[in-house]
Amino acid sequence: MDYDIYLNLFVPYSQRKNDDPKENNLSRGIAILLEENYLFFDRFIDFINVELSKNNHAPVAKPSSITERAIDIQNSASNLAVSSVPEGVQRIIPVTLTPAKTEFGEEARDTENPIPDISILCNNDESSDLIIIEVKQYQANADAQVLNQVESIQNKMKENDDIDVSVVKDVIRITWQDIIQIIQNVKHLQEGRSDFVLEHYLDYLKYYRQRWFPIEPFRAGMTDEMVLKRVWPLANNCARLLNPDEEVSGQTTWIPLSWGYALGAYVYHNSNGIDVVLWPGNIGKQSWPLFRDNGQIRNDMSWINVKTLKIDEDVELGINTRFNLNLSQLLGPGTKTVFGVHLSSDVIGTDRAEICKNFCNVLNGKWPREGEWGWEKLKDFLLVKNPGLVEEPEEFEKDFNEKFEQSNRSVLAATLGYEIKINLPMKLLEELDKRNGGFMNAPENDAVAKVIVSALNKLKNMIEE
């Protein structure tokens, strides 16, 4: 059964499915955890103390009991200045809680009476510290905001009661990734004891902010976003293994190839694993090298009927190859597919010279809307003169009508190639990632990437030898 986010403690009744969590909800959740789970509070203060020590600041002396701490949310600088005076605050500590990397979103707010998201008052016999936390789901200049809040509280204290409280000038920066690690560690330490609040907040973050979580190895039950985070380094590792001398960076599911007839492959998540998909011959400059005699491609193309790729004694992958007619608006660079049509290999055959003569010479090229070589002739060739050629003729006619005949397009560009899909089931992915967990350290440590590269090299040899 899928997880029902509506039953989560931290999801407001009015929040629609897949809505982003509001910033206030995120900060309230942290405040509730600090209040309800003393171990989380303890580890949170430990983290702040480590950061304070880096700049030779004295640590926050932890309260000896729950009564010696006060946690508040959305309280104004004026109210905090007044309410904190009786507690004898000696120091104010500015803290930000943001993602680890810049994420675009709301602009920073700067008001005359700033309102901190969370305040923590820690009292004991030795000292009294007021921690001010500005929470952001984007970075949005959080440092400036929290410093403005701290300065306002300091000024109000001086103005109202002539109290000169010290301020830590170095902002303590905590990331959501740090918070998630603290929560997960606390959950591990509490194993065997259910913590309703902590588990609900962790589930809330997993559902709405999976990108804040560390990349996890492949396993059953992963969400699309969790798989995507694992696929990004996987594609990069494949690219590095295939082209060790080329620079690879960024978050992408693209694996570049330099085959002439195929420029790259994509990694997709399916319901039970991933597919590595490539389209040799997808555009004109890739299609002709596949079918014209150039001494590189083998004449017998019966390899398209191969259903498995044996990588080693333990790994055998499923492969599905189909002829694909790519219909686009242009033939040159920047070609964008309008839709693709799967063609029957039984009709086209597996002899490269015959494929080129009977199909490439006719299909590859531009087709104007009207005229001797107009769209009606193309449909006649595909549906009438070569019965059974189009695998799903009714779907083709529907798509052709909607995307070309009912459009303002005047030209159609067609190219003949293949769609090749290599499947890696989740069970295999999980086993490979367990075999070597260092996939983030180096490409050669990524067992899944090594299997994919072996599969692509094997496929290349099948096409060319």
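Residues numbered from 1 in each chain as written. Predicted model: local features only at pLDDT ≥ 70, side-chain atom pairs only at ≥ 80, totals over all residues. Heavy atoms only, no water.

## Regarding the overall build of the chain
Right, so step 1: For the chain, the helix and strand inventory stands at 14 helices and 14 strands.
Right, so step 2: Principal-axis analysis of the C-alpha atoms places the extent of the chain at approximately 95 × 55 × 45 Å.
Right, so step 3: For the chain, buried positions account for 48% of its 465 residues.
Right, so step 4: Long-range pairs, those at least 24 residues apart, make up 70% of the contacts in the chain with a sequence separation of at least 6.
Right, so step 5: When the accessible surface of the chain is summed, it comes to about 23100 Å², and 47% of that surface belongs to carbon and sulfur atoms.
Right, so step 6: Averaged over its 49 positive side-chain charges, the chain has a centre that lies 5 Å from the centre of its 71 negative ones. (Helix = DSSP H or I, 4+ residues; strand = E, 2+ residues; numbered from the N terminus. Buried < 20%, exposed > 50% of the residue type's maximum accessible area, 1.4 Å probe, protein only. Contact = heavy atoms within 4.5 Å. Areas by Shrake-Rupley, 256 points an atom, 1.4 Å probe, with all protein chains shown as cover. Lys, Arg positive; Asp, Glu negative; His and termini not counted. Charge placed at Lys NZ, Arg CZ, Asp CG, Glu CD.)

## Side note on the pairing of strand S3 (residues 118-123)
Consecutive side chains of a regular strand alternate in pointing toward one face of the sheet and then the other.
Right, so step 1: Among the six residues in S3, six count as buried, and that is most of the element.
Right, so step 2: Bridge count between strand S1 (residues 69-73) and S3: five bridges; the pairing is antiparallel. Paired with Asp 72 across the strands is Ser 119, a residue of S3.
Right, so step 3: Taken together, S3 and the strand that follows it, strand S4 (residues 128-135), pair antiparallel across an intervening segment of four residues. (Pairing = 2+ DSSP bridges.)

## A short note on the packing of helix H7 (residues 224-242) against helix H14 (residues 447-464)
The relative placement of two packed helices is expressed as an angle between their axes plus a distance between the axes.
Right, so step 1: Close contact between H7 and H14 brings their axes to 9 Å; oriented N to C, the two are set at 50°. Regarding the angle of H7 to H14, the classification is oblique. As for the relative orientation of H7 and H14, their crossing is right-handed in sense. Contacts between H7 and H14 involve Arg 230, Leu 234, Asn 237, Cys 238, Leu 241 and Leu 242 from the first element and Val 448, Ala 449, Lys 450, Ile 452, Val 453, Leu 456 and Asn 457 from the second.
Right, so step 2: Residue classes in the contact of H7 with H14 are distributed as nine nonpolar, two polar and two charged. (Axes fitted to C-alpha atoms, helices over the stretch in contact; angles between N-to-C directions. Parallel < 35°, antiparallel > 145°, perpendicular 65-115°, else oblique. Left-handed = near helix turned anticlockwise from the far one by under 90°. Nonpolar A, V, L, I, M, F, W, Y, C, P; charged D, E, K, R; others polar.)

## So, the packing of aromatic side chains
Right, so step 1: Taken as a whole and judged by the stated rule, the model has 23 aromatic pairs.
Right, so step 2: When the centroid spacing of 6.1 Å and the interplanar angle of 55° are considered together, the rings of Phe 339 and Phe 404 count as tilted. Taken as a pair, Phe 339 in strand S12 (residues 337-343) and Phe 404 in helix H12 (residues 393-405) lie far apart in primary sequence, 65 residues in all. Taken as a pair, Phe 339 and Phe 404 share a single burial class, namely buried.
Right, so step 3: Site record: aromatic cluster; members linked through ring pairs are Phe 10, Tyr 201, Tyr 204, Tyr 207 and Tyr 208. (Phe/Tyr/Trp six-rings, centres within 6.5 Å; stacked < 30°, edge-to-face > 60°.)

## Quick look at the confidence of the model for the chain
As a note on interpretation, predicted positions should not be read in detail where pLDDT is low.
Right, so step 1: Overall, the predicted model of the chain reaches an average pLDDT of 87, with 92% of residues at or above 70.
Right, so step 2: Taken element by element, the chain is modelled with least confidence in helix H3 (residues 77-84), mean pLDDT 82, and with most confidence in strand S9 (residues 273-278), mean pLDDT 97.
Right, so step 3: Ignoring residues within four places in sequence, the model shows residues 104-108, a span with pLDDT below 50, making nine contacts including any to other chains. (pLDDT = per-residue confidence, 0-100.)

## Some details on the environment of Ala 235
Right, so step 1: Looking at the element boundaries, Ala 235 is found in helix H7.
Right, so step 2: For Ala 235 and Trp 254, which are 19 residues apart along the polypeptide, the C-alpha to C-alpha distance reads 6.1 Å.
Right, so step 3: Setting aside chain neighbours within four positions, we find Ala 235 in contact with Thr 252, Thr 253, Trp 254 and Ile 255.

## Thoughts on unusual backbone geometry
Of all residues except glycine, most have a negative phi; of all peptide bonds, most are trans.
Right, so step 1: One non-glycine residue, Asn 56, adopts positive backbone phi at about 60°.
Right, so step 2: A positive phi angle, near 50°, is found at Gln 74, a position not held by glycine.
Right, so step 3: Here Gln 74 shows up in the loop between S1 and H3.
Right, so step 4: Its relative accessible area of 33% is what places Gln 74 among the partly exposed residues.

## Focus: the pattern of salt bridges
Right, so step 1: One pass over the structure, following the stated rule, counts 18 salt bridges.
Right, so step 2: Between Lys 379 and Glu 376 there is a salt bridge, with its nearest N and O atoms 3.7 Å apart. Here the residue Lys 379 and the residue Glu 376 both occupy positions in helix H11 (residues 375-385), the gap between them amounting to three residues, near one helical turn.
Right, so step 3: For Lys 379, a relative accessible area of 14% corresponds to the buried category.
Right, so step 4: The class for Glu 376 is exposed, based on a relative accessible area of 54%.
Right, so step 5: Residues joined in a network through salt bridges with shared partners are Asp 42, Arg 43, Asp 46 and Lys 62. (Salt bridge = Lys/Arg side-chain N within 4 Å of Asp/Glu carboxyl O.)

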